[in-house]
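# Observations on the three-dimensional arrangement
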Amino acid sequence: MNGVYTETDRTKSWWVAKVYNDFVNELGRSRTTQRALFLYALKRNSSDYPICGGFVGEIRITRPYHECDGEKLPKWIRKAKELGFIPMDAILDEIPGEIIFSPQKLKRGQDSVEVWLNKSSFNPLLHPVCETHGVTLVSVSGRASDEAIKALYQRCSSRTIILCLSDLSPSGAFFDADLYTNIERLKPSGSNAQIFVKRIALKPEQVLELKIPMVAGRAESKEDRDRFKRYLKPYGLDPSKIAELDALEVYYRGGIAAFLDEILSTNVKSY
(Lines give C-alpha, C1' and ligand atoms only; values in the text may rest on other atoms or scores of the structure.)
Protein backbone atom coordinates (compact mmCIF):
# COMPACT_ATOMS: atom_id res chain seq x y z
CA MET A 1 0.00 0.00 0.00
CA ASN A 2 1.45 3.33 -1.06
CA GLY A 3 0.94 6.92 0.00
CA VAL A 4 -0.98 8.66 2.75
CA TYR A 5 -4.76 8.34 2.82
CA THR A 6 -7.26 10.68 4.44
CA GLU A 7 -10.54 9.65 5.99
CA THR A 8 -12.22 11.04 2.89
CA ASP A 9 -10.09 8.71 0.75
CA ARG A 10 -11.14 5.76 2.87
CA THR A 11 -14.80 6.73 2.91
CA LYS A 12 -15.02 7.18 -0.86
CA SER A 13 -13.00 3.99 -1.39
CA TRP A 14 -15.34 2.04 0.88
CA TRP A 15 -18.22 3.29 -1.24
CA VAL A 16 -16.45 2.04 -4.40
CA ALA A 17 -15.98 -1.33 -2.70
CA LYS A 18 -19.69 -1.47 -1.85
CA VAL A 19 -20.69 -0.72 -5.45
CA TYR A 20 -18.19 -3.29 -6.74
CA ASN A 21 -19.48 -5.95 -4.31
CA ASP A 22 -23.07 -5.20 -5.33
CA PHE A 23 -22.00 -5.61 -8.97
CA VAL A 24 -20.39 -8.98 -8.22
CA ASN A 25 -23.30 -10.24 -6.14
CA GLU A 26 -26.01 -9.13 -8.55
CA LEU A 27 -24.33 -9.85 -11.88
CA GLY A 28 -22.01 -12.68 -10.88
CA ARG A 29 -18.82 -11.33 -12.49
CA SER A 30 -15.68 -10.25 -10.65
CA ARG A 31 -14.02 -8.08 -13.33
CA THR A 32 -15.36 -5.20 -15.37
CA THR A 33 -14.41 -1.75 -16.67
CA GLN A 34 -14.39 1.65 -14.97
CA ARG A 35 -17.23 2.93 -17.14
CA ALA A 36 -19.28 -0.20 -16.54
CA LEU A 37 -18.94 0.33 -12.78
CA PHE A 38 -19.94 3.97 -13.29
CA LEU A 39 -23.07 2.94 -15.20
CA TYR A 40 -23.87 0.31 -12.58
CA ALA A 41 -23.52 2.93 -9.83
CA LEU A 42 -26.05 5.12 -11.65
CA LYS A 43 -28.41 2.18 -12.08
CA ARG A 44 -28.30 1.28 -8.36
CA ASN A 45 -30.16 4.49 -7.50
CA SER A 46 -29.15 4.08 -3.85
CA SER A 47 -28.80 7.13 -1.61
CA ASP A 48 -25.44 6.06 -0.21
CA TYR A 49 -22.88 8.19 -2.06
CA PRO A 50 -20.94 10.05 0.67
CA ILE A 51 -20.54 13.81 0.47
CA CYS A 52 -17.63 14.94 2.63
CA GLY A 53 -17.78 18.22 4.51
CA GLY A 54 -15.21 20.81 5.48
CA PHE A 55 -13.57 18.71 8.17
CA VAL A 56 -11.35 15.80 7.22
CA GLY A 57 -13.48 12.70 6.84
CA GLU A 58 -16.69 14.44 7.90
CA ILE A 59 -19.68 12.98 6.09
CA ARG A 60 -22.41 15.59 6.05
CA ILE A 61 -24.84 13.73 3.82
CA THR A 62 -25.29 10.79 1.50
CA ARG A 63 -27.26 10.98 -1.70
CA PRO A 64 -27.85 9.07 -4.97
CA TYR A 65 -24.87 8.85 -7.30
CA HIS A 66 -25.01 11.49 -10.04
CA GLU A 67 -23.62 11.41 -13.55
CA CYS A 68 -21.40 14.38 -12.71
CA ASP A 69 -19.69 12.28 -10.02
CA GLY A 70 -18.17 10.03 -12.67
CA GLU A 71 -15.23 12.35 -13.30
CA LYS A 72 -13.62 11.37 -9.99
CA LEU A 73 -14.52 7.68 -10.07
CA PRO A 74 -11.13 6.59 -11.54
CA LYS A 75 -9.43 8.32 -8.59
CA TRP A 76 -11.53 6.49 -6.01
CA ILE A 77 -11.16 3.18 -7.84
CA ARG A 78 -7.38 3.59 -7.79
CA LYS A 79 -7.39 4.36 -4.09
CA ALA A 80 -9.76 1.47 -3.36
CA LYS A 81 -7.28 -0.86 -5.07
CA GLU A 82 -4.31 0.61 -3.19
CA LEU A 83 -6.14 0.30 0.12
CA GLY A 84 -7.00 -3.31 -0.59
CA PHE A 85 -10.76 -2.71 -0.59
CA ILE A 86 -11.16 -4.29 -4.05
CA PRO A 87 -8.85 -6.70 -5.95
CA MET A 88 -6.12 -5.06 -8.03
CA ASP A 89 -7.39 -6.77 -11.19
CA ALA A 90 -11.09 -6.11 -10.53
CA ILE A 91 -11.43 -2.98 -12.68
CA LEU A 92 -9.85 -3.21 -16.12
CA ASP A 93 -7.89 -0.27 -17.52
CA GLU A 94 -7.38 1.02 -21.03
CA ILE A 95 -4.07 0.09 -22.65
CA PRO A 96 -2.96 2.47 -25.42
CA GLY A 97 -1.93 1.24 -28.84
CA GLU A 98 -3.08 -1.53 -31.14
CA ILE A 99 -3.20 -5.07 -29.82
CA ILE A 100 -3.82 -8.28 -31.77
CA PHE A 101 -4.74 -11.61 -30.20
CA SER A 102 -4.51 -14.43 -32.72
CA PRO A 103 -6.20 -17.70 -31.68
CA GLN A 104 -4.05 -20.76 -31.18
CA LYS A 105 -6.43 -22.77 -33.34
CA LEU A 106 -8.02 -21.13 -36.35
CA LYS A 107 -11.23 -22.69 -37.67
CA ARG A 108 -10.80 -24.17 -41.11
CA GLY A 109 -13.15 -24.55 -44.03
CA GLN A 110 -15.19 -21.41 -43.40
CA ASP A 111 -14.96 -17.65 -43.44
CA SER A 112 -12.28 -16.09 -41.28
CA VAL A 113 -13.78 -13.93 -38.50
CA GLU A 114 -12.18 -11.11 -36.54
CA VAL A 115 -13.53 -8.92 -33.73
CA TRP A 116 -12.38 -5.29 -33.73
CA LEU A 117 -13.06 -2.73 -31.00
CA ASN A 118 -11.64 0.59 -29.82
CA LYS A 119 -11.75 -0.13 -26.08
CA SER A 120 -8.81 -2.26 -25.00
CA SER A 121 -10.14 -2.51 -21.44
CA PHE A 122 -12.45 -5.25 -22.72
CA ASN A 123 -9.59 -7.42 -24.01
CA PRO A 124 -9.33 -9.60 -20.87
CA LEU A 125 -13.07 -10.30 -21.05
CA LEU A 126 -13.32 -10.91 -24.80
CA HIS A 127 -10.05 -12.70 -25.50
CA PRO A 128 -11.17 -16.01 -23.91
CA VAL A 129 -14.39 -15.90 -25.97
CA CYS A 130 -12.50 -15.25 -29.19
CA GLU A 131 -9.99 -18.00 -28.36
CA THR A 132 -12.82 -20.50 -27.83
CA HIS A 133 -14.31 -19.67 -31.23
CA GLY A 134 -11.00 -19.48 -33.11
CA VAL A 135 -11.45 -15.78 -33.79
CA THR A 136 -8.84 -13.01 -33.92
CA LEU A 137 -9.35 -10.08 -31.52
CA VAL A 138 -8.03 -6.63 -32.43
CA SER A 139 -8.23 -3.54 -30.21
CA VAL A 140 -7.20 -0.08 -31.41
CA SER A 141 -7.09 3.39 -29.89
CA GLY A 142 -9.74 5.56 -31.51
CA ARG A 143 -9.53 4.68 -35.20
CA ALA A 144 -7.46 1.90 -36.74
CA SER A 145 -4.12 3.00 -38.15
CA ASP A 146 -2.95 2.24 -41.67
CA GLU A 147 -0.44 -0.19 -40.15
CA ALA A 148 -3.24 -2.16 -38.44
CA ILE A 149 -5.11 -2.48 -41.73
CA LYS A 150 -1.99 -3.50 -43.64
CA ALA A 151 -1.40 -6.19 -41.00
CA LEU A 152 -4.99 -7.35 -41.58
CA TYR A 153 -4.28 -7.93 -45.27
CA GLN A 154 -1.15 -9.88 -44.41
CA ARG A 155 -3.03 -12.42 -42.27
CA CYS A 156 -6.57 -12.52 -43.68
CA SER A 157 -7.92 -15.31 -45.85
CA SER A 158 -9.64 -14.71 -49.16
CA ARG A 159 -12.90 -13.98 -47.29
CA THR A 160 -12.95 -12.32 -43.86
CA ILE A 161 -15.78 -10.95 -41.73
CA ILE A 162 -14.91 -8.23 -39.21
CA LEU A 163 -17.35 -7.70 -36.34
CA CYS A 164 -17.06 -4.25 -34.75
CA LEU A 165 -17.87 -3.05 -31.23
CA SER A 166 -17.76 0.61 -30.19
CA ASP A 167 -19.70 3.31 -28.35
CA LEU A 168 -22.80 4.88 -29.83
CA SER A 169 -21.18 8.31 -30.00
CA PRO A 170 -20.30 10.89 -32.68
CA SER A 171 -17.02 9.10 -33.41
CA GLY A 172 -17.74 5.57 -32.22
CA ALA A 173 -20.98 5.15 -34.18
CA PHE A 174 -18.98 5.19 -37.42
CA PHE A 175 -16.06 3.06 -36.31
CA ASP A 176 -17.15 0.30 -38.69
CA ALA A 177 -17.88 2.59 -41.65
CA ASP A 178 -14.56 4.41 -41.30
CA LEU A 179 -12.74 1.09 -40.93
CA TYR A 180 -14.31 -0.29 -44.11
CA THR A 181 -13.43 2.90 -46.04
CA ASN A 182 -9.78 2.59 -45.03
CA ILE A 183 -9.71 -1.15 -45.73
CA GLU A 184 -10.82 -0.44 -49.29
CA ARG A 185 -8.38 2.45 -49.61
CA LEU A 186 -5.42 0.34 -48.55
CA LYS A 187 -6.28 -2.82 -50.47
CA PRO A 188 -3.05 -4.10 -52.05
CA SER A 189 -2.88 -4.19 -55.82
CA GLY A 190 -3.89 -7.60 -57.09
CA SER A 191 -5.31 -8.76 -53.76
CA ASN A 192 -8.18 -11.26 -53.93
CA ALA A 193 -9.15 -10.73 -50.30
CA GLN A 194 -12.83 -10.09 -49.61
CA ILE A 195 -13.30 -8.26 -46.32
CA PHE A 196 -16.74 -7.50 -44.92
CA VAL A 197 -17.28 -5.20 -41.95
CA LYS A 198 -20.34 -5.58 -39.71
CA ARG A 199 -21.29 -3.50 -36.67
CA ILE A 200 -22.63 -5.68 -33.86
CA ALA A 201 -22.71 -3.10 -31.03
CA LEU A 202 -23.61 -0.60 -29.89
CA LYS A 203 -26.58 0.07 -32.18
CA PRO A 204 -29.50 2.47 -31.63
CA GLU A 205 -31.90 -0.50 -31.69
CA GLN A 206 -29.96 -2.14 -28.85
CA VAL A 207 -30.03 1.03 -26.78
CA LEU A 208 -33.81 1.13 -27.11
CA GLU A 209 -34.34 -2.61 -26.60
CA LEU A 210 -32.08 -2.93 -23.54
CA LYS A 211 -33.11 0.47 -22.13
CA ILE A 212 -29.50 1.60 -21.97
CA PRO A 213 -29.14 5.14 -20.58
CA MET A 214 -27.43 7.80 -22.64
CA VAL A 215 -24.96 10.02 -20.81
CA ALA A 216 -22.96 13.14 -21.52
CA GLY A 217 -20.06 12.63 -23.92
CA ARG A 218 -16.90 14.52 -24.70
CA ALA A 219 -16.81 17.24 -27.34
CA GLU A 220 -16.44 16.08 -30.94
CA SER A 221 -15.95 17.93 -34.21
CA LYS A 222 -19.02 19.65 -35.66
CA GLU A 223 -18.84 17.31 -38.64
CA ASP A 224 -19.00 14.26 -36.36
CA ARG A 225 -21.82 15.76 -34.30
CA ASP A 226 -23.91 16.55 -37.40
CA ARG A 227 -23.32 13.08 -38.80
CA PHE A 228 -24.34 11.53 -35.48
CA LYS A 229 -27.48 13.66 -35.31
CA ARG A 230 -28.57 12.46 -38.76
CA TYR A 231 -27.85 8.86 -37.77
CA LEU A 232 -29.94 8.98 -34.58
CA LYS A 233 -32.88 10.96 -35.96
CA PRO A 234 -34.97 7.92 -37.04
CA TYR A 235 -34.67 6.42 -33.53
CA GLY A 236 -35.67 9.45 -31.48
CA LEU A 237 -32.46 9.34 -29.42
CA ASP A 238 -30.81 12.48 -28.05
CA PRO A 239 -27.78 13.30 -30.26
CA SER A 240 -26.26 15.45 -27.51
CA LYS A 241 -25.65 12.30 -25.46
CA ILE A 242 -23.91 8.97 -26.02
CA ALA A 243 -24.46 5.33 -25.09
CA GLU A 244 -21.33 3.47 -24.03
CA LEU A 245 -20.35 -0.05 -25.02
CA ASP A 246 -19.63 -0.66 -21.34
CA ALA A 247 -23.38 -0.60 -20.73
CA LEU A 248 -23.57 -4.16 -22.06
CA GLU A 249 -21.78 -5.18 -18.86
CA VAL A 250 -24.74 -3.88 -16.88
CA TYR A 251 -27.76 -4.24 -19.14
CA TYR A 252 -27.03 -7.46 -21.08
CA ARG A 253 -27.36 -10.71 -19.20
CA GLY A 254 -23.88 -12.15 -18.77
CA GLY A 255 -22.18 -8.92 -19.87
CA ILE A 256 -20.23 -8.17 -23.01
CA ALA A 257 -18.51 -11.59 -23.04
CA ALA A 258 -21.87 -13.37 -23.14
CA PHE A 259 -23.05 -10.94 -25.82
CA LEU A 260 -20.10 -11.74 -28.07
CA ASP A 261 -20.25 -15.48 -27.34
CA GLU A 262 -23.88 -15.56 -28.44
CA ILE A 263 -23.05 -13.86 -31.73
CA LEU A 264 -20.03 -16.05 -32.46
CA SER A 265 -22.12 -19.14 -31.69
CA THR A 266 -24.58 -18.23 -34.46
CA ASN A 267 -24.22 -17.40 -38.13
CA VAL A 268 -22.23 -14.17 -38.06
CA LYS A 269 -23.26 -13.44 -41.66
CA SER A 270 -26.66 -12.41 -40.33
CA TYR A 271 -25.21 -9.54 -38.29
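The structure we're discussing is the one just above.
On a predicted model such as this, the values are computed, not experimentally measured, just so you know.

### Notes on the packing of aromatic side chains
- Within this structure, the stated rule accounts for 9 aromatic pairs.
- When the ring of F38 is compared with that of Y65, the centres are 6.1 Å apart and the planes differ by 70 degrees; the resulting orientation is edge-to-face. In this pair, F38 is assigned in helix α2 (residues 34–44) and Y65 in the loop between β3 (59–63) and α3 (73–82), connecting sequence segments 27 residues apart. In this structure, F38 and Y65 share a single accessibility class: buried.
- Above the ring of Y251, the side-chain terminus of K43 is found at 5.7 Å from the ring centroid.
- When the ring centre of F174 is taken as origin, the NZ or CZ atom of R227, which lies over that ring, is 3.9 Å away.

### Considering the side chain of S139
- With respect to the secondary-structure elements, S139 resides in strand β7 (residues 136–139).
- Separated by 3.0 Å, the side chains of S139 and N123 make a polar contact.
- Contact partners of S139, with chain neighbours within four places excluded, come to G97, E98, I99, L117, S120 and N123.

### Here's the deal with the environment of S121
- Tracing the sequence through the fold places S121 in the loop between β6 (112–117) and α4 (123–132).
- Relative accessible area serves as the criterion here: at 4%, S121 is assigned to the buried category.
- Sequence separation between S121 and R143 is 22 residues; the distance between their C-alpha atoms is 16 Å.
- The residues touching S121, leaving out its near neighbours within four places in the chain, are T33, L92, D93 and E94.

### A word on the packing of helix α5 (residues 146–155) against helix α6 (residues 175–185)
- The N-to-C vectors of α5 and α6 enclose an angle of 65 degrees; their axes lie 10 Å apart at closest approach. Judged by the angle between their axes, α5 and α6 are roughly perpendicular. The crossing of α5 and α6 is right-handed. For the pair α5 and α6, contact is made by D146, I149, L152 and Y153 and by L179, N182, I183, E184 and R185, respectively.
- For the contact of α5 with α6, a count of residues per class yields 5 nonpolar, 1 polar and 3 charged.

### A look at the sheet that holds strand β5 (residues 99–101)
- Taken in spatial order, the 5 strands of this open sheet run β5-β7-β6-β8-β9, and their pairing is mixed. The open sheet has two edge strands with one neighbour each: β5 and β9 (194–201). Put simply, the sheet's adjacent strands are angled 20 degrees from each other on average, direction ignored.
- On the sheet, α6 packs against β6, β8 (159–165) and β9 and is oriented at approximately 170 degrees with respect to β9.

### With respect to α3
- Three or more residues of α3 are buried, namely L73, W76, I77, K79, A80 and K81.
- Looking at the buried side of α3, the elements it contacts are α1 (7–27), α2, β2 (49–52) and β4 (91–92).
- Of the residues flanking the end of α3, it is G84, one or two places downstream, whose phi is positive at about 80 degrees.

Definitions and cut-offs
Residue positions within a chain follow its written sequence, with the count starting from 1. In keeping with the predicted nature of the model, local features appear solely for residues at pLDDT of at least 70, side-chain atom pairs appear and are counted solely at 80 or more, and the whole-chain, interface and lining totals rest on all residues. Note that the side-chain values use all heavy atoms of the structure and ignore hydrogens as well as water. By convention, a stacked pair of Phe, Tyr or Trp rings (six-membered ring in the case of Trp) has centres within 6.5 Å and planes under 30 degrees apart, an edge-to-face pair has planes over 60 apart, and any other such pair is tilted. In this text, helices come from DSSP runs of H or I with a minimum length of four residues, and strands from runs of E with a minimum of two, each type numbered from the N-terminal end. Throughout, exposure labels follow a simple rule: accessible area from a 1.4 Å probe, protein chains only, divided by the maximum for the residue type, with under 20% read as buried, over 50% as exposed, and the rest as partly exposed. Criterion for a charge above a ring: Arg CZ or Lys NZ at most 6 Å from the ring centre, at most 35 degrees from the ring normal. Here a polar contact means two N or O atoms within 3.5 Å. Within protein one must be a hydrogen donor candidate and the other an acceptor candidate, and residues neighboring in sequence count only if both atoms are side-chain atoms. Every residue pair with non-hydrogen atoms within 4.5 Å of one another is taken to be in contact. Between the N-to-C directions of two axes lies an angle of 0 to 180 degrees, each axis being a line fitted to C-alpha atoms and, for a helix, fitted only over the stretch in contact. Here roughly perpendicular refers to angles of 65 to 115 degrees, roughly parallel to angles under 35, roughly antiparallel to angles over 145, and oblique to all remaining angles. Take the far helix as your reference; a near helix turned counterclockwise from it by less than a right angle gives a left-handed crossing, and one turned clockwise gives a right-handed crossing. When residue character is reported, Ala, Val, Leu, Ile, Met, Phe, Trp, Tyr, Cys and Pro are called nonpolar, Asp, Glu, Lys and Arg charged, and the others, Gly included, polar. Following DSSP output, two strands are said to pair if at least two bridges run between them.

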